[in-house]
Every structure is written in C-alpha cells, then in structure tokens.
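Examining the three-dimensional arrangement
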Amino acid sequence: MTERDPSLAVADPEIHELILEEDQRQRHSIRLIASENYASRAVLEASASSLANKYAEGYPGKRYYEGMQVIDPLERLAIDRAKALFGAEHANVQPYSGSPANLAVLLALCKPGDTTMGLSLPAGGHLTHGWKVSATGIYYKSVQYGVRETDHRIDLDQVRALAKEHRPKLIWVGHSAYPRTLDFAGFAEIAAEVDAYLAADIAHVAGLVAGGVHPNPVPHCHVVASTTHKTLRGPRGGLILCRKAHAKAIDKAVFPGLQGGPHNAMTAAKAIAFKEAAQPSFRDYAERVVANARALADALQEAGHTLVTGGTDNHLMLIDLSPRELSGRKTAHALDRCGIELNANSIPFDKRKPFDPSGLRLGTAALTSRGLEPAHMKTVATMIARGVDEIARCEGAVSDEFADRMRGEVSEFLADFPAPGL
C-alpha cells in the first residue's frame, strides 16, 4: 500500500466497513436462499484481479483490441473446461448472467414475434421464460405451461397439447422454483414432434448436473443456458452450451448482439469453478446438497409444514403458508431478523398477490458448502418452525428480544461450520 495507491480500508472506509458487515452477515446467518451459495477463496480472488482492467471485445483469436496475450488463452481454458464438464460441443462463457444468456438464446434461434413456450412464473418458472413483464414475453409471443393442480408437477401431456396447438419455435425447460427432476428426454420428444428448438435453463441445477445427481440436458437439447453461481458455486455470471450447428448463431447473439466486452475477471473465476466442479469432491458436495434438501423437507413436514409437491428431488423446496394464512413476505422478513435467510415465493395457484405470496423458497446449497450434513437439518427445520410459530402468534412479526435470541442461537449453531471463501 502506498499513499498514491491506498488499500480499500484507507481509500473508502465506508465501503470497506459495509463489506466487512456483509462478511459477518454471511458467516452468522442460516443462508437458505436457493439461488445463493459460497464461492471459494480462489473464485473470489480471481473475481477481484487485474483482469478486470482489460477490455476484450470479440472472441479468442478475433478481438477488436490488442494486448490479448493472456486473455485469449484464459477464455479458451474456460471454454474447454465448460465443454468437458457438461459434455457439450460448444460453450460461450461470456454472458454476464443468466438472464442475458437466455436472451441470447432467443436472439440466436428466434425472430421477434415468434412463439415460445415456457413454465409460467407462478408454477415455478423464470421471468425470462416468456413471462409478460420480461423482454422475453414482450418481444416474443409466449405460451405458458403450468403444473397439475392435484400434485403441482409438470404435466407433459399438457405441454404436448399446447405445443401441438401453438407450434412454438422454441420450448424452454427449466425453472426458478420447481422442486422436482426435469424430464429433458420427455421434453425433447415433444420438441421434435412440433419441430421446435429445445432450450434448457439449468441455472438452479447446473451444479447438480455437474455432480451427477440430476440428468444432463446437453444430449437432449439444442442449447443449454445457465448461471455459474447457485449450485455450481462459481462467480455471478452466465454460460451457454450448444451443439456445433448453433455455435456461430449463439456467439453472434452474445457479441455483438447483446453485449460488449466480456468481464475477464469473471471469465477466470468461471474457469476456476469449472475446474472445481470436475473434482471428485464436488460430486460428494452435490450428493450432500440433495440429501440435505430431502432431510430438511422431511423435518419441515414432521414439524407440520406443507410443502409444494410434498418434498424435493433437487436442492430447493417451497413451504406453503396458506394453511396458516401467513404472508410470505412478512414471514421471510421476520425470519431474516432471526438470522434465517430465505425468500418469499409464489406457489402454484396462489391466491395472494405475487409481491406478497403464500410461499417460502428454501435451498440447501450454501449450508452444504459450509459442511452441514443431513443430521443437522432437523435443527435447521426446528429453528424455522419456531420462527414461523412466533410470527403466527405475533400476527406477522417478531419482537426484538425473540429475534436477538434466535440470532444468537443461529450464530452458535454455525460456529463449527466456517463459511468458505471469507
């Protein structure tokens, strides 16, 4: 550190202090948001490296700037590792996140006004699968399939009927809040019947796919889009995998279609995450994510909570609060004060408004990265149940005394499980 180039603590103590506060919050909270995780120290170091100083518009071997002696082999390494990890013919590692990746898929394979199909948001889909407030639902004619009212599972007969009726150009298979295994082969049969592209969004389950505990969509889909964080445990970023036949269109859609220069520090961090996910220990982690989720689901149901679909096959689950007539938003906020971090979420056929739904979404990836095992999920479920009971008793809130006591218990419980990367 010099006077000319001071450390963060000296240059901007306010930001430095906020980062330290966030470190502490992540250390001392039961983090159950299904889209979050802990990246490794190596991933975080790469994310904050000098690579962030460099522009790199274009692709390896075909850039618009000079000085690519390091960036080109770096990006090629990330591409090769992604292809090997998922068994893909082509990979684009430049998308800034999952939503731009999904937009790039549409730009590459569809024209504005074309019909697409995707799982509806209230049924567990994602905004970028054609929901009406998203660009994917504004610039494309979107048809939304749902889940059965009886068991809240995707009905492939309904998907097939809608596909035959509307003849979509592209069908999405993926989710943001669906706790069951995705039938990529079944969707592929339907897409073939109507001559549609099949695009998988595996943002939530990419780490489970890499770890071998969820089916791989690559053999069944024309294109696969994903984030690189969540269960994959990398940096905040996006990824697109596809067949060679679509490589040129996908690359052109990402750049120059949607983006300028890639974020090279994130490219390096993605490459590290792909290497980590190829290790035998990552398979152990992925297996524990699912085992923890099933154990937590069982314990929550034993405590009297209702779960959408009655359980989970992956890393996430949805608590249905409607039997207790509780607000998902107020409940999530009150639990956060207690050191239990999750999010409000719509449930299928929800009677409450989307911004204040009847559900809570939970995921086990972050706790698994800290080393928690299925045997610990009973304690997690008990803490959640105590919090929800108190919220119900106090009509949607908790006292400062109760919140402080719970936060202390949570911190003590987590003390033996250090947070990775921090």
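- Looking up the protein chain in an unreviewed UniProt entry gives the name Serine hydroxymethyltransferase, with the organism given as Enhygromyxa salina.
- Turning to the protein chain, the UniProt annotation filed under Subunit (unreviewed entry) states: "Homodimer."

Quick look at the UniProt feature "site: Plays an important role in substrate specificity" (unreviewed entry) in the protein chain
- Mapped onto the present numbering, the UniProt feature "site: Plays an important role in substrate specificity" (unreviewed entry) falls at His229.
- Residues within four places of His229 in sequence aside, it is in contact with Ser35, Ser97, Gly234, Pro235, Arg236 and Gly237.

Comments concerning the environment of Arg160
- Summarising the element assignment, Arg160 is placed in helix 7 (residues 156–166).
- Separated by 31 residues in the primary sequence, Arg160 and Ala191 have C-alpha atoms spaced 8.5 Å apart.

Overview of the pairing of strand 10 (residues 238–242)
- Burial runs high along strand 10: five of the five residues are buried.
- Residues Gly238, Ile240 and Cys242 point to one face of strand 10 and Leu239 and Leu241 to the other, with burial holding for every one of them.
- Pairing geometry for strand 4 (residues 90–92) and strand 10, over three bridges, is antiparallel. Residue pairing for strand 10: Ala91 is matched across the bridge by Leu241.
- Inspection of the sheet shows strand 9 (residues 223–227) paired to strand 10 by five bridges, in the antiparallel sense. Paired with Val224 across the strands is Leu241, a residue of strand 10.

As for helix 13 (residues 328–337)
- Buried within helix 13 we find Gly328, Thr331, Ala332, Ala334 and Leu335. Taken end-on, helix 13 shows its buried residues confined to a sector of 165 degrees, consistent with a single buried face.
- Where the residues of helix 13 are buried, they touch strand 13 (340–341), strand 14 (343–345), strand 15 (359–363) and helix 15 (377–393).
- Measuring from the side-chain oxygen of the N-cap residue of helix 13 to the backbone nitrogen of Arg329 gives 3.3 Å; that N-cap residue is Ser327.
- Positive backbone phi, approximately 90 degrees, marks Gly339, located one or two places after helix 13.

What about the UniProt feature "binding site: (6S)-5,6,7,8-tetrahydrofolate" (unreviewed entry) in the protein chain?
- Under the present numbering, the feature "binding site: (6S)-5,6,7,8-tetrahydrofolate" (unreviewed entry) in UniProt falls on Leu121, Gly125, His126 and Leu127.
- Structurally, the position occupied by Leu121 is in the loop between strand 5 (115–119) and helix 6 (135–138).
- Judged by its relative accessible area of 30%, Leu121 falls in the partly exposed class.
- Apart from residues lying up to four places away in sequence, Leu121 is in contact with His126, Leu127, Trp131 and Gln144.
- Along the chain, Gly125 falls in the loop between strand 5 and helix 6.
- Gly125 has contacts with Leu119, Ser120, His175 and Ser176, leaving out every residue within four places of it along the chain.

Details of a nonpolar patch on the surface
- Together, Leu8, Ile15, Leu18 and Ile19 make up an exposed nonpolar region whose accessible area comes to about 340 Å².
- Broken down by element, the nonpolar patch gets its largest block of residues, three residues, from helix 2 (residues 13–27).
- Residue placement: Ile19 occurs in helix 2.

Here's the deal with the packing of aromatic side chains
- The final tally for this structure, using the stated rule, is six aromatic pairs.
- Note on Tyr59 and Phe255: the rings are 6.5 Å apart at their centroids and 75 degrees apart in plane angle, and the pair reads as edge-to-face. Here Tyr59, found in strand 2 (residues 58–59), pairs with Phe255, found in helix 10 (residues 247–258); they are 196 residues apart in sequence, far enough to count as distant. Each member of the pair Tyr59 and Phe255 is classed as buried.

Cut-offs applied
- Residues numbered from 1 in each chain as written.
- Predicted model: local features only at pLDDT ≥ 70, side-chain atom pairs only at ≥ 80, totals over all residues.
- Heavy atoms only, no water.
- UniProt positions renumbered as here; feature names shortened; annotations may be inferred.
- Contact = heavy atoms within 4.5 Å.
- Helix = DSSP H or I, 4+ residues; strand = E, 2+ residues; numbered from the N terminus.
- Buried < 20%, exposed > 50% of the residue type's maximum accessible area, 1.4 Å probe, protein only.
- Pairing = 2+ DSSP bridges.
- Arc of directions from axis to C-beta.
- Polar contact = N/O pair within 3.5 Å; in protein donor to acceptor, adjacent residues only side chain to side chain.
- Patch = residues over 30% accessible without salt bridge, like charges linked within 9 Å, V, L, I, M, F, W, Y side chains within 5 Å.
- Areas by Shrake-Rupley, 256 points an atom, 1.4 Å probe, with all protein chains shown as cover.
- Salt bridge = Lys/Arg side-chain N within 4 Å of Asp/Glu carboxyl O.
- Phe/Tyr/Trp six-rings, centres within 6.5 Å; stacked < 30°, edge-to-face > 60°.

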